[in-house]
Structure formats: structure tokens, C-alpha cells
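Descriptive analysis of the structure
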Amino acid sequence: MSEYLLRLRTRGLGKDFPLRDGRDTAMRVLHRLATPNDDGPGRINALVDVSFEVRAGEMVGVVGNNGAGKTTLLKLIAGIYRPSRGEIERRGELALLSGLGVGMVRDLTVRENVYLYGAICRVHRMRIRTIFDEIIAWAELGDFVSAPLRTLSTGMISRLAFSIARHIEAPILLFDEAMSAGDERFRHRCEEHFAALRGGDTSMLMTTHSLDLVERFCDRTLWLRSGEQVAFGDTKEVLSAYRRWAT
Amino acid sequence: MYDAADLNLLRELTVSQYKLKDQSSFFGFLWSFLNPLLMLGVLFLFFRMRLGAEIEHYPVYLLLGLLLYTHFANTTSLGMRVLRATRELTTETVFPKEFLVLSAVLSSAMDLVISTVICLAIAFASGIGPTPALLWVPAILVAELVLVAWVSFFLAAIFPFAWDVDHIFHVLLRALFFVTPIFYHPSFVGEGVAQTILRLNPLAQVIAMLRTVVLDGESVALSTFTLFIVPGLVLLGLGFALFKRLEPRFAEYV
């Protein structure tokens with residue numbers, strides 16, 4: 001496929017984290033600054049040499065065992081972490097959904113959280129005002145608008161958050177285990193939204209343990225194991241190999 | 001640099017922080033104003049005969065100093081801790097993290113304005129007449145916010161990497177209470193090192209400006225204000241630059 005259709009590409013992407021022995025103090029920081037060649041307790045490789053791409057309108061799944069580096073990968077691409085090695089090329093604005101409802105405040109009301117979370121998702125309050133009723137209706141929280149968020153269950157909060165996140169307009173979406181807290185009905189409705197996105201211009205990178213979800217929606221899949229890239233390519237082929245390894 | 005969505009987020013973060021502090025309710029706000037009033041009562045009781053004897057309108061003199069010191073101490077502490085206090089936002093979301101520090105400063109600004117209005121009302125009630133010099137008050141409050149902002153940015157940038165900065169800063173805040181002429185006149189310390197420290201203390205300068213316009217009814221000299229605000233803005237730029245330089249590593253350390 002030609003270059004201009006690429007939305008996202010990584011080349012040799014790697015990330016180390018320093019190993020820590022206890023809490024960092026001002027004296028330790030000063031010591032590290034004074035001795036830059038001292039590696040201290042060492043470093044851990046969370047991600048090693050990951051190279052893949054996402055095209056415009058494509059959905060790419062990221063699978064792997066716990067600790068494989070899936071979340072680290074998404075955070076590197078989102079710019080929350082700085083890469084230790086390699087390059088990331090992004091074309092277009094991106095949005096990260098790493099756990100639904102992150103940033104919501106339990107002591108504020110549902111209404112107040114809709115505006116706050118909407119802002120975190122880069123949906124302007126003027127737009128929120130016009131779609132507020134639709135957000136509440138999709139989340140099935142009509143009776144809870146004035147209630148503090150802490151009175152809602154985790155599943156209800158996830159519904160509310162996803163209802164708002166559906167209105168994100170960024171061309172690149174990163175989903176990190178975004179539906180793990182939901183019930184079957186919620187997952188079904190999320191999948192309807194993914195189905196609606198397919199065929200459009202939005203590119204999506206999704207980490208999940210649900211192989212069924214990856215199989216149904218993702219065009220290509222990246223398999224990570226202990227921070228290393230095992231495979232990237234056609235979803236059926238990658239998942240087949242992943243299942244053989246997992247069993 | 002920032003688009004409409006960014007400014008919308010800053011607005012929502014600021015409003016949320018303000019609501020969480022209970023300042024949006026009348027009694028919630030009163031509780032936070034009681035803190036400096038209580039300090040005022042204690043300091044007035046103990047120092048009015050000696051340190052306050054030659055200071056006209058000593059209660060208002062005390063109140064103005066306490067108002068700005070309390071605002072400085074509370075807001076810089078909040079700004080320093082904000083990245084850890086909102087750990088999920090720092091590590092799981094994509095937006096300019098300086099908004100977390102700015103929202104802490106701006107949400108406290110609302111308290112500052114209301115507290116200042118109440119202080120002025122108390123001043124008028126105690127016989128201090130309003131003068132045109134009071135038109136300087138908004139500019140002085142902006143100067144206080146600039147001071148608080150640059151200190152907050154430096155602290156917020158460093159705190160994720162060294163947890164004991166919190167303790168060190170609170171020791172310094174206690175020392176600051178005594179090296180700022182809150183309950184004494186600057187002349188009390190005489191000349192020498194102590195006076196030099198007072199002159200270099202930016203919080204002392206802001207308090208002096210506010211007392212000049214409220215108690216003395218005199219405008220702040222433009223040169224005095226400029227000599228305060230220009231270095232303040234430079235330090236704000238430096239603090240912001242340090243914050244942005246270290247921002248990519250915050251998520252690994254908070």
C-alpha cells in the first residue's frame with residue numbers, strides 16, 4: 001500500500017525502565033546527576049525492537065500475555081512514555097483510552113463528569129451540551145444525572161465513559177483493554193460502535209485479551225511476548241500461532 | 001500552541017478542582033477563610049503589644065500578610081503534588097500535563113479573589129478609607145499568581161523524581177513564615193543579612209505592595225512593580241521549560 005495511507009508506524013521501538021531499589025530521594029537524584037556513568041541497579045527491557053504499522057481506516061489488534069508490553073507500546077505511541085530506542089511516526093491526532101473513565105472524579109456528579117471526561121476526550125463542552133441527552137441515553141443512566149459518580153457501579157461508569165468516548169473524532173484511536181469492566185450487553189454495544197467505525201477513515205490500535213474481538217474486527221494483529229515482537233500480520237495467521245503457543 | 005479543545009480541558013480541570021475544594025459552597029469557603037482568621041487572632045493576641053504597637057491598623061496589616069502567605073503555601077503545595085495526586089491522569093491520558101499545575105493555580109485564584117474582597121471589606125469596616133490606589137489590587141493579585149505559578153512549576157517538575165521534596169518544601173515554608181514580615185514590620189529585623197533576605201523574598205515584596213495600596217492608600221511605583229513582575233515572568237518561563245523537558249518521564253515516576 002502507498003506511503004500516504006499510513007497513519008502510524010514504528011521502527012525498532014524499544015523501551016527500558018530503570019530498576020529501583022527503594023524510593024527516590026533528593027540526595028539519590030543529585031548522586032545520579034553527579035555520576036551519569038553509574039547505571040545503578042540496572043534497567044529492565046519492557047519493549048524490544050517493535051516494528052509495525054497501521055494504515056488509514058485499519059484496525060490492528062495487539063495480543064500477548066500479561067506483562068508482554070502491550071500497555072507500554074500504547075503509551076509510547078501516545079507520547080506518555082519517551083522511547084529508549086527506535087522511532088514512531090504518526091500522521092494525525094490521536095486519542096488514548098486506557099481504562100474507561102480515567103480522569104473522572106468520584107465526588108462530582110454524573111453531569112459534571114460528562115463535561116470533564118468529555119474535555120479529557122477532547123470533546124468541547126459546546127458539543128457536549130448538544131449531545132448530552134444522547135450520551136446519557138446510550139449509557140442508560142437517565143436516573144443518575146445528578147447523582148455523585150461514586151454511587152455508580154464500575155460497569156455503569158464504563159458505560160458512561162464509552163458513551164462519551166464514542167464521540168472522539170481523532171483519526172487514530174488507541175484502546176487499552178477498554179472493555180474489560182463491562183457486561184455482555186455493554187460489550188455488544190461497544191462492538192456495534194467498532195463495526196460502525198470499520199470502513200471509515202479512523203485507524204485503531206487495540207490491546208485486548210479477547211481473541212474473539214480481534215478476530216472479528218482487526219485486519220492485522222501484533223503479537224508481543226515478554227516485550228518482543230513475535231509476529232505481525234494477517235489476524236488469522238497471527239492468532240493461530242498465538243493459540244498454538246498459548247496451549 | 002493550544003487549541004480550543006486544550007483550553008476547554010483547562011477550564012474543566014480548573015472548575016473540577018474548585019468544586020472539589022468545597023469552595024463553591026458558602027460554608028465550604030468560610031471554613032478555608034477561618035484558617036487565616038484563626039492565625040490572625042493568635043498572632044494579634046500575642047504580638048500586638050510589642051511588634052504591633054507601632055503598626056497602624058495592625059489587624060488588617062496581619063490579615064493582608066496572612067492572606068497572601070496562606071494562598072502561597074496552599075497553592076504551591078497543591079501544585080507540587082498534583083501530578084501524583086492525579087496519577088491516573090498523569091499516566092493514562094494524553095494532554096499537556098502543565099494543565100494539571102495551571103488548574104491548581106487557577107482554582108486557587110478564585111479563592112484569592114474572594115478572600116481579598118473580604119479583606120478589603122474588613123479594612124473598610126475598621127476605618128481604612130478606599131482610595132484610587134486600590135485599582136492596583138488586581139495587578140498585585142496577578143503578581144501573586146505569577147509567583148505561585150513559577151514556584152509550582154519548579155516543584156511539580158522535581159517532585160515526581162524525589163519524594164522527600166515534599167518534606168523539604170514544608171520545612172522551607174515554615175521558615176518562610178518567619179522570614180516574611182507577616183506579623184512584624186520589616187524594620188524590626190534591622191539592617192544586615194536579615195534585611196537583605198527580606199528584600200530578596202518575593203512573597204515579602206507582594207505583601208508590601210498590597211499593604212501599600214490598602215493601608216497607606218498609595219499606588220505602587222511602576223518601577224517597583226516592573227522589577228517584581230519581569231523576573232517573575234522569566235522564572236515562570238524557566239519553570240515551565242523545565243516542566244516540559246521532564247514531562248516525558250513523569251509517567252514513569254509518579
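Because the structure is a prediction, the values reported are computed rather than measured. (Residues numbered from 1 in each chain as written. Chains lettered and ligands numbered in written order. Predicted model: local features only at pLDDT ≥ 70, side-chain atom pairs only at ≥ 80, totals over all residues. Heavy atoms only, no water.)

**Looking at the overall build of chain B**
What counts, and what does not: Note on conventions: DSSP H or I runs of at least 4 residues are helices, E runs of at least 2 residues are strands, and numbering of each starts at the N terminus. Radius of gyration here is computed from C-alpha atoms only, and the compact-globule reference equals 2.2 Å multiplied by the residue count raised to the power 0.38. Any residue under 20% of the maximum accessible area for its type is buried, any over 50% is exposed, and the rest in between are partly exposed; the area is computed with a 1.4 Å probe on protein chains only.
Summing up its helical and strand segments, chain B has ten helices and zero strands in all. A compact globule built from 254 residues should have a C-alpha radius of gyration of about 18 Å, and chain B, at 19 Å, falls within 12% of that. Projecting the C-alpha coordinates of chain B onto the three principal axes gives extents of approximately 55 × 45 × 35 Å. Put simply, chain B has 254 residues, and 52% of those count as buried.

**Comments concerning the interface of chain B and chain A**
Selection criterion: Every residue pair with non-hydrogen atoms within 4.5 Å of one another is taken to be in contact. Two parts placed together each lose some accessible area; with a 1.4 Å probe, that loss summed over both constitutes the buried area. Any carboxyl oxygen of Asp or Glu that lies within 4 Å of a side-chain nitrogen of Lys or Arg is treated as forming a salt bridge with it. For the purposes of these results, a polar contact is taken to be a pair of N or O atoms within 3.5 Å, where, inside protein, one atom must be able to donate a hydrogen and its partner to accept one; residues adjacent in sequence count only when each atom of the pair is a side-chain atom.
At the interface, 29 residues of chain B touch 30 residues of chain A. Carbon and sulfur atoms supply 57% of the area buried between chain B and chain A, which totals about 2800 Å² over both sides. With its nearest N and O atoms 2.7 Å apart, the salt bridge here joins R122 of chain A to D6 of chain B. One can count seven residue pairs in polar contact (both at pLDDT 80 or more) joining chain B with chain A.

**Notes on the packing of aromatic side chains**
The geometry of an aromatic ring pair is captured by two quantities: the separation of the ring centres and the angle between the planes. As a reminder, the rule being used: Pairing of aromatic rings covers Phe, Tyr and Trp, the last counted by its six-membered ring, and requires centre-to-centre distances within 6.5 Å; plane angles under 30 degrees mean stacked, over 60 mean edge-to-face, and any other angle means tilted. Throughout this description, the term charge over a ring refers to an Arg CZ or Lys NZ atom that lies within 6 Å of the ring centre and within 35 degrees of the ring normal.
Applying the stated criterion across every chain yields a total of 26 aromatic pairs over all chains. With centroids separated by 5.1 Å and ring planes inclined at 75 degrees, the aromatic side chains of F17 of chain A and Y81 of chain A adopt a geometry described as edge-to-face. Taken together, the positions of F17 of chain A in strand β1 (residues 6-18) and Y81 of chain A in the loop between α2 (70-78) and β4 (85-90) put the pair 64 residues apart, joining distant regions of the chain. Judged by its relative accessible area of 16%, F17 of chain A is buried. Between F175 of chain A and F194 of chain A, the ring centres sit 5.3 Å apart and the planes meet at 85 degrees, which makes this aromatic pair edge-to-face. Highlighted residues: F175 of chain A in strand β6 (residues 172-176) and F194 of chain A in helix α6 (residues 184-197), separated in sequence by 19 residues. Taken individually, F175 of chain A and F194 of chain A each receive the classification buried, so the pair is uniform in this respect. Members of the aromatic cluster, each reached through a chain of ring pairs, are Y69, F177, F178, F183, Y184 and F188 of chain B. In this structure, K97 of chain B packs its charged tip against the face of F95 of chain B, placed 4.8 Å from the ring centre.

**Description of the layout of surface pockets**
What counts, and what does not: Cavities and pockets are defined on a 1 Å grid built over the protein atoms alone: a cavity is a set of grid points where a 1.4 Å probe fits but cannot escape, while a pocket is an open set with protein on both sides within 12 Å along at least five of seven lines, and lining residues are those with an atom within 4 Å of any such point. Grid points are joined across faces, edges and corners, and a volume is the space filled by probe spheres set on the points. Under the scheme applied, nonpolar residues are Ala, Val, Leu, Ile, Met, Phe, Trp, Tyr, Cys and Pro; charged residues are Asp, Glu, Lys and Arg; polar residues are all the others, including Gly.
Empty space within the second largest pocket amounts to approximately 630 Å³. Every residue lining the second largest pocket is counted, 37 residues in all, and those nearest its centre are L94, A95 and R122 of chain A together with V94 and F95 of chain B. For the lining of the second largest pocket, the elements supplying multiple residues, two or more each, are β5 (94-98) and α3 (110-120) of chain A together with α4 (87-92) and α10 (222-253) of chain B. With five residues, the single largest contributor to the lining of the second largest pocket is β5 of chain A. Grouping the constituent residues of the lining of the second largest pocket by class yields 19 nonpolar, eight polar and ten charged.

**Side note on unusual backbone geometry**
When glycine is set aside, most residues are seen to have a negative phi, and most peptide bonds are trans. One non-glycine residue, R122 of chain A, lies in positive phi territory at about 65 degrees. Note that R122 of chain A resides in the loop between α3 and α4 (125-139).

**Thoughts on the pattern of salt bridges**
Residues and elements named next belong to chain A. Under the criterion given, the structure shown has 29 salt bridges over all chains. Here D201 ties to R7 by a salt bridge, and the two come within 2.7 Å at their closest N and O atoms. Placement of the pair is D201 in the loop between α6 and β7 (203-207) and R7 in strand β1, with a sequence separation of 194 residues.

**Comments concerning the side chain of R7 of chain A**
Residue and element names in this part refer to chain A. On the accessibility criterion, R7 (12% relative accessible area) is buried. A polar contact is formed between the side chain of R7 and the backbone oxygen of P171, at a distance of 3.4 Å. Among the polar contacts listed, one links the side chain of R7 to the side chain of S203, at a separation of 3.5 Å. For R7, the contacting residues outside a window of four places in its chain are V54, R55, A56, G57, E89, R90, R91, P171, I172, D201, T202 and S203.

**As for the nonpolar core**
Defined as follows: What we call a nonpolar core is a set of buried Ala, Val, Leu, Ile, Met, Phe, Trp, Tyr and Cys residues that are connected through their side-chain atoms within 4.5 Å.
Grouped together as the largest cluster of nonpolar side chains are 60 residues, with contacts concentrated most on L210 and V213 of chain B. Elements that contribute at least two residues to this core include exactly α2 (26-47), α3 (58-85), α5 (98-125), α6 (137-158), α7 (165-179), α9 (202-214) and α10 of chain B. In terms of residues, this core owes the most to one element, α3 of chain B, which gives 13 residues. Setting aside anything within four residues of it in sequence, one finds V213 of chain B in contact with T131, A133, L134, W136, V137, I140, E218, S219 and V220 of chain B. Formed by 49 residues, the second largest nonpolar core is a distinct cluster that contains V114, Y115, F186 and C218 of chain A.

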